[in-house]
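Residues per chain are reported as follows:
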Amino acid sequence: MTHRLAIFDLDNTLLTGDSEVLWLAWLREQGLLDAAMAERNADMDRRYHAGTVAPHEFCSFYAALFAGRTPQQWQPLLDGWFRHVIAPRIPEAAHALVQRHRDAGDVLVLSTASSRILAEPSAQALGFAHLIATELALLPDGRFAGWTEGTLNMREGKVIRLREWLVARHDDADAALASASFYSDSINDLPLLQAAGHPVVVDPDPRLLAEAQARAWPVLRLARNFLATETT
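To keep things clear, this report deals only with the structure shown in the data block. (Residues numbered from 1 in each chain as written. Predicted model: local features only at pLDDT ≥ 70, side-chain atom pairs only at ≥ 80, totals over all residues. Heavy atoms only, no water.)

1. Here we look at the overall build of the protein chain
Line of reasoning, step 1. Secondary structure summary: the protein chain contains ten helices and seven strands in total.
Line of reasoning, step 2. Against the globule reference of 17 Å for 232 residues, the protein chain gives a C-alpha radius of gyration of 17 Å, in line with a compact fold.
Line of reasoning, step 3. The principal-axis extent of the C-alpha atoms belonging to the protein chain is close to 45 × 40 × 30 Å.
Line of reasoning, step 4. Looking at the 232 residues of the protein chain, the share that counts as buried comes to 53%.
Line of reasoning, step 5. Counting only contacts in the protein chain whose residues sit at least 6 apart along the sequence, the fraction spanning at least 24 positions is 61%. (Helix = DSSP H or I, 4+ residues; strand = E, 2+ residues; numbered from the N terminus. Rg over C-alpha atoms; globule rule 2.2 N^0.38 Å. Buried < 20%, exposed > 50% of the residue type's maximum accessible area, 1.4 Å probe, protein only. Contact = heavy atoms within 4.5 Å.)

2. Things to note about helix H5 (residues 92-103)
Line of reasoning, step 1. Between its terminal C-alpha atoms H5 stretches 16 Å, which fits the 16 Å expected from twelve residues at 1.5 Å a residue.
Line of reasoning, step 2. Listed in full, the buried residues belonging to H5 are Ala-94, Leu-97, Val-98 and His-101. Around the axis of H5, the buried residues are gathered within 90° of arc, so they sit on the same side. Among the exposed residues of H5, those pointing more than 90 degrees away from its buried face are Glu-92, Arg-100 and Asp-103. (Expected span 1.5 Å × (residues − 1). Arc of directions from axis to C-beta.)

3. Things to note about the nonpolar core
Line of reasoning, step 1. Phe-8, Leu-14, Trp-23, Trp-81 and Phe-128 are the most contacted members of the largest nonpolar core, which has 53 residues in total.
Line of reasoning, step 2. At seven residues, the largest contribution of residues to this core is made by helix H4 (residues 71-86).
Line of reasoning, step 3. The residues contacting Trp-23, other than those within four sequence positions of it, are Leu-65, Phe-66, Trp-74, Leu-77, Leu-78, Trp-81 and Leu-118.
Line of reasoning, step 4. Of all hydrophobic cores here, the second largest spans 23 residues; its members include Trp-165, Leu-190, Leu-193 and Ala-196. (Core = buried A, V, L, I, M, F, W, Y, C linked by side-chain atoms within 4.5 Å.)

4. Quick look at empty space enclosed by the protein
Line of reasoning, step 1. For the structure on display, the rule yields one cavity of 30 Å³ or more.
Line of reasoning, step 2. By volume, the largest cavity amounts to about 40 Å³.
Line of reasoning, step 3. Around the largest cavity sit Glu-20, Cys-59, Tyr-62, Ala-63, Phe-66, Ala-113, Ser-115, Thr-134, Leu-136 and Thr-148, which together line it.
Line of reasoning, step 4. Elements with a contribution of two residues or more to the lining of the largest cavity: helix H3 (55-63), strand E2 (107-115) and strand E3 (130-138).
Line of reasoning, step 5. No other element matches H3, which puts three residues into the lining of the largest cavity.
Line of reasoning, step 6. Here the lining of the largest cavity is composed, by residue class, of six nonpolar, three polar and one charged. (1 Å grid on protein atoms, 1.4 Å probe; cavity = no way out; pocket = protein on both sides within 12 Å on 5 of 7 lines; lining within 4 Å. Points joined across faces, edges and corners; volume = space filled by probe spheres on them. Nonpolar A, V, L, I, M, F, W, Y, C, P; charged D, E, K, R; others polar.)

5. Topic: the pairing of strand E6 (residues 198-202)
Line of reasoning, step 1. Judged by how many residues are buried, E6 sits mostly within the fold: four of five residues are covered.
Line of reasoning, step 2. Pairing analysis gives four bridges linking strand E5 (residues 181-184) to E6, with the strands arranged parallel. Bridge pairing links Ser-184 to Val-201 in E6.
Line of reasoning, step 3. Assessed by its sense of winding, the connection that carries the chain from E5 through helix H9 (residues 190-195) to E6 is right-handed.
Line of reasoning, step 4. Strand direction decides the pairing type here: E6 and strand E7 (residues 219-220), joined by two bridges, are parallel. From the neighbouring strand, Val-201 faces E7, where its bridge partner is Val-219.
Line of reasoning, step 5. In this region the chain leaves E6, passes through helix H10 (residues 206-215) and returns to the parallel neighbour E7; the handedness of that crossover is right-handed. (Pairing = 2+ DSSP bridges. Right-handed = clockwise from strand over helix to strand, strands pointing away.)

Right, dumping it as structure tokens:
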């Protein structure tokens, strides 16, 4: 492999907030979901940050929100959500961090547990050519089925999916990981942080901060437009 990998988590790392949580909150604001779903959203967010929610439960909960419509039918809502909610939550410091690796000639990869349809606008805004995300199943008529397909890009799944991506590029996965940088905020990303040669924790949750201190990993704090705890 000629260039080093620079891998970035999205939610609460480059983005101030979680794409899936913010999407559900946006649907609620548009009158498409009820208060009970908002409560389940808040509970899912708490358990994700605590690292106690199972990947299948987390990803399936948010995948179900897309059921019954095609990507094209969702697009107007997605455009408004990205413009009003997501774009202001990508701080200049995040753009600058990615740009530093781009200027160094690194291969940039955005790796997120969020679904591809929600992560793509942020990937484009940050200039990522390579996105690894949780995939949503489509029915034969083009509508979202309401469930995921393939390996979930969460916890150990992030390592599996990244290795598959590297193999598909005909890269030496072990060598690529050994020289790779990976940036994340979350204890859920501990498997990939351990696999990467140069892990960096960004505004970490308490459990990941403890791990970083025990392992002498660098801790990065980004200047942000929003409080890191804000979710709506």
